[in-house]
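# An overview of the molecular structure
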2 protein chains.
Amino acid sequence: MDPQDHQQPELRQVLVLQPPYVFNIHEHLFTDRFHVLKAYDSPLPTRDFLHANAQSVKVVLCSGAGPITADVIRDLLALKLVVTDATGVNHIDMAECGRRGIVVTNAGDVYSDDVADAAIGLLIDVMRRITSGDRFVRGGRWPTSREYPLGAKLEGKRVGIVGLGNIGSRVATRLEAMGCIVSYTSRQKKQSTHFTFYPNILQLAFDSDALVLCCALTSNTRHMINNKVMKALGKKGIIVNVARGALIDEVELVKCLVEGEIGGVGLDVFENEPNAPRELFELDNVVFLPHAAAFTNESFYDVAQVMIANLEAFFTNKPLLTLVNNKF
Amino acid sequence: MDPQDHQQPELRQVLVLQPPYVFNIHEHLFTDRFHVLKAYDSPLPTRDFLHANAQSVKVVLCSGAGPITADVIRDLLALKLVVTDATGVNHIDMAECGRRGIVVTNAGDVYSDDVADAAIGLLIDVMRRITSGDRFVRGGRWPTSREYPLGAKLEGKRVGIVGLGNIGSRVATRLEAMGCIVSYTSRQKKQSTHFTFYPNILQLAFDSDALVLCCALTSNTRHMINNKVMKALGKKGIIVNVARGALIDEVELVKCLVEGEIGGVGLDVFENEPNAPRELFELDNVVFLPHAAAFTNESFYDVAQVMIANLEAFFTNKPLLTLVNNKF
């Protein structure tokens, strides 16, 4: 530790409203290096805690579970930097940050491989009925009912990737190794890839056996997977979502699944986390994860390092490592 | 259909002792073309049925669920060909076939992609806790217990493939796409691959984070995954078995899992199917499949075509398509 830390701790103040996931394991990596102000540990109401520190706090540390709203940002008069342990920044009011000139760093590329693996795991799981097969065996049904329903082959299937960024491109690599035919949609055609580009999601869904959602949640992408897209995907079509729940119109999704209008889903994310739609709990063609696609021991350690490196860079006036492009 | 079939149906007789899985869906493809003698549909005891047809039956059709024992083979005096819908032939007494000059055809390469996909699905599932995550959500635990245990990253993990044949090499391709470091053991070093070869399973286990079993079950490979190998793999080590249950000493496997001596398993196959060890039903680091790694709608159609092509070849004195090498 730099001896300066002890002399001028206020220079290395980091405000935390709610403990980010990474604190479950690696809190000490932060408290060893910075003066961590824990609003959630204070007897003061959050608002009072914010006001008490409004003049000094330059940095907020957060995660997807704890939103940084315009109100919070307005309360923190000296705020310069928001450091999140997430990749997507829809939990942070980026417009307000933009207006105030507050910069935001995210997890960068730390989770990309893990999220891509989880996406592939969910896709195989749904198509090959792994989780429902596990229930079949654990439920003791195998010896009495030999006929376990057949799954669907992955090889040769047309998989549409929605958002061919860090995660989507890794999903594509894995799909190609399994013999799938990869297409994608994104804001614009990528020059660096041989995959077929679709300018709109509806046509991609129509031409795909499965969709894997890997894009950011923005006002443009909210509910992009609506009833029309699901109908275009069709009764055997699969959707995997490892991005954000609100990319899908969840009410319509539940309806389509219950009515057999789509073939199955693998969902890591939901519109109203930590609640997943209970109507789907009895369905064998649904696989749930509790927003854990990015969660490995390794990625948690790595993201702590990225966050600390950003904090160190900020406090020593060096360039930030994983600055989020803020277009507002 | 060839008009000759009706004139001399006995020339195209195919004996079936127990209905193979492929009959669930595609029985008519066989009954349309051949004179299928169903021992399981006869009021006669099987032995009597065999004796009644002993002089004429040249072909037996079977699957992994129905063994073709030396006794059956001895009863069928005219037997020339056994056609199985499986890849592995450990359900057929190959020694007796060899002695009698009876040839055996298997599923060839039909299932390889599907089995490789299931192996990868099981590996991701165990390492990333997909099935246990699904139970966590369906069980309603997510809203009350936010802390879902972290999984393990696949990228950079050392995965040892046991048997680098049609399936093993496809598993390797998929693992490489996920950034795993692939090694293998097999009867002999393959010249056509860049993966590191280990001449023995113990050293491979010692140097691996996970093992994926893709080899045939023979007297040499039975119980090759014993207590020593599991201890060498270690407390975080994962085993995926999509080959045959008896490759693993299941009693020792249960013991190692219950005592935490290995990290987790994904099992499609078991020593005493359709029974899986009940001691493991409560463990979250175990994922079960009911011997379904090869089972897709597509592969069932494809294997029916392979079996029919072999039968047609036999009845028209043409070369068989997927002859099993019988070294006895």
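Keep in mind the model is a prediction, meaning the values are calculated, not measured.

Calculation criteria
- Residues numbered from 1 in each chain as written.
- Chains lettered and ligands numbered in written order.
- Predicted model: local features only at pLDDT ≥ 70, side-chain atom pairs only at ≥ 80, totals over all residues.
- Heavy atoms only, no water.
- Helix = DSSP H or I, 4+ residues; strand = E, 2+ residues; numbered from the N terminus.
- Rg over C-alpha atoms; globule rule 2.2 N^0.38 Å.
- Buried < 20%, exposed > 50% of the residue type's maximum accessible area, 1.4 Å probe, protein only.
- Contact = heavy atoms within 4.5 Å.
- Areas by Shrake-Rupley, 256 points an atom, 1.4 Å probe, with all protein chains shown as cover.
- Lys, Arg positive; Asp, Glu negative; His and termini not counted.
- Charge placed at Lys NZ, Arg CZ, Asp CG, Glu CD.
- Buried area = accessible area lost by both parts, 1.4 Å probe.
- Salt bridge = Lys/Arg side-chain N within 4 Å of Asp/Glu carboxyl O.
- Polar contact = N/O pair within 3.5 Å; in protein donor to acceptor, adjacent residues only side chain to side chain.
- Pairing = 2+ DSSP bridges.
- Axes fitted to C-alpha atoms, helices over the stretch in contact; angles between N-to-C directions.
- Parallel < 35°, antiparallel > 145°, perpendicular 65-115°, else oblique.
- Left-handed = near helix turned anticlockwise from the far one by under 90°.
- Nonpolar A, V, L, I, M, F, W, Y, C, P; charged D, E, K, R; others polar.
- Least-squares fit on C-alpha atoms with pLDDT ≥ 70 in both.
- Phe/Tyr/Trp six-rings, centres within 6.5 Å; stacked < 30°, edge-to-face > 60°.
- Expected span 1.5 Å × (residues − 1).

## Side note on the overall build of chain A
A tally of regular secondary structure across chain A gives 12 helices and 12 strands. For 328 residues, the compact-globule estimate of 2.2 N^0.38 gives 20 Å, and the C-alpha radius of gyration of chain A, at 22 Å, lies within 12% of that figure. On the principal axes, the C-alpha backbone points of chain A span a range of 70 × 50 × 35 Å. The burial tally for chain A puts 58% of its 328 residues in the buried class. Intrachain contacts of chain A at a sequence separation of at least 6 include 58% that bridge at least 24 residues. When the accessible surface of chain A is totalled, it reaches about 13900 Å², and 50% of it is carbon and sulfur. Each charge class in chain A can be summarised by its mean position, and for the 33 positive and 37 negative side chains these summaries are 6 Å apart.

## A look at the interface of chain B and chain A
Contacts between the two partners involve 65 residues from chain B and, on the opposite side, 65 residues from chain A. Counting the surface chain B buries against chain A, the share from its top three residues, B:Arg138, B:Trp142 and B:Leu150, is 16%. The tally of links from chain B across to chain A stands at six salt bridges. Its salt-bridge partner being A:Glu298, residue B:Lys157 comes within 2.6 Å of it at the nearest N-O pair. If you look at where chain B meets chain A, you find 27 residue pairs in polar contact (both at pLDDT 80 or more).

## Some thoughts on the sheet that holds strand β7 (residues 181-185) of chain A
All names here are of chain A. Read across the sheet, seven strands follow the order β8-β7-β6-β9-β10-β11-β12 without closing on themselves; strand pairing throughout is parallel. Of all strands in the sheet, those bounded by a partner on one side alone are β8 (196-197) and β12 (286-288). With four bridges connecting them, strand β10 (residues 238-241) and strand β11 (residues 264-267) associate as parallel partners. Note that in β11 the partner of Ile238 across the bridge is Gly264. Across the sheet, helix α6 (residues 112-128) touches β9 (210-213), β10, β11 and β12, and the angle it forms with β10 is around 150°.

## Quick word on the packing of helix α2 (residues 23-31) of chain B against helix α12 (residues 297-315) of chain B
Residues and elements named next belong to chain B. At a minimum axis distance of 10 Å, the contact between α2 and α12 shows a crossing angle of 25°. If you check the angle between α2 and α12, you find them roughly parallel. Pair α2 / α12 crosses with right-handed handedness. For the pair α2 and α12, the contacting residues are Ile25, His26, Leu29 and Phe30 in the first and Asn297, Phe300, Tyr301, Ala304, Gln305, Met307, Ile308 and Leu311 in the second. Grouping the constituent residues of the contact of α2 with α12 by class yields nine nonpolar, three polar and no charged.

## Remarks on the side chain of A:Gln13
Residue and element names in this part refer to chain A. Note on placement: Gln13 falls in strand β1 (residues 13-16). On the basis of relative accessibility, which here comes to 9%, the residue Gln13 falls in the buried class. Here the side chain of Gln13 touches Ser56 through a polar contact of 2.8 Å, side chain to side chain. Filtering out sequence-adjacent residues up to four positions away, Gln13 remains in contact with His35, Leu37, Ser56, Val57, Val59 and Phe315.

## What to know about the relation of the copies chain B and chain A
Mapping chain B onto chain A is achieved by rotating through 180° and translating by 0.0 Å along the same axis, at an RMSD of 0.0 Å. Considering both components of the superposition, the chain copies are consistent with a two-fold axis. Taken as a fraction of all interface residues of chain B, those also at the interface in chain A reach 100%, which identifies the copy contact as same-surface.

## Observations concerning the packing of aromatic side chains
Evaluation of the coordinates by the stated rule reveals 20 aromatic pairs over all chains. When the ring of A:Tyr184 is compared with that of A:Phe197, the centres are 5.4 Å apart and the planes differ by 50°; the resulting orientation is tilted. Within this pair, whereas A:Tyr184 is found in strand β7, its partner A:Phe197 is found in strand β8, the two being separated by 13 residues in sequence. By relative accessible area, A:Tyr184 is classed as buried at 0%. Pairing A:Phe281 with A:Phe288 gives two aromatic rings, centres 5.3 Å apart and planes at 80°, and the pair type is edge-to-face. Just as A:Phe281 is buried, A:Phe288 falls in that class too. Taken together through their ring pairs, the aromatic side chains of A:Trp142, B:Phe270, B:Phe281 and B:Phe288 make up a single cluster.

## Digging into the sheet that holds strand β4 (residues 81-84) of chain B
Within a sheet, adjacent strands bond to each other through the backbone by hydrogen bonds, running parallel or antiparallel. All names here are of chain B. Read from one edge of the open sheet, five strands run β2-β1-β3-β4-β5, paired in parallel fashion. Edge positions in the sheet fall to β2 (35-38) and β5 (103-105), since each of these pairs with one other strand and no more. Here the strands of the sheet are splayed against their neighbours by 25° on average, with no regard to which way each runs. Where strand β1 (residues 13-16) and strand β3 (residues 59-62) come together, two bridges link them in parallel fashion. Looking across to β3, one finds that Leu15 is bridged to Val60. Sitting on the sheet, α12 touches β1, β3, β4 and β5, and the angle it makes with β3 is about 175°.

## A closer look at helix α8 (residues 166-177) of chain A
Between its terminal C-alpha atoms α8(A) stretches 17 Å, which fits the 16 Å expected from 12 residues at 1.5 Å a residue. The set of residues buried in α8(A) consists of A:Ile167, A:Gly168, A:Val171, A:Ala172, A:Arg174, A:Leu175 and A:Ala177. In the core, the buried residues of α8(A) are packed alongside α6, β6 (158-162), β7 and β9 of chain A together with α8 (166-177) of chain B. At the exit of α8(A) stands A:Gly179, carrying a positive phi of roughly 80°.

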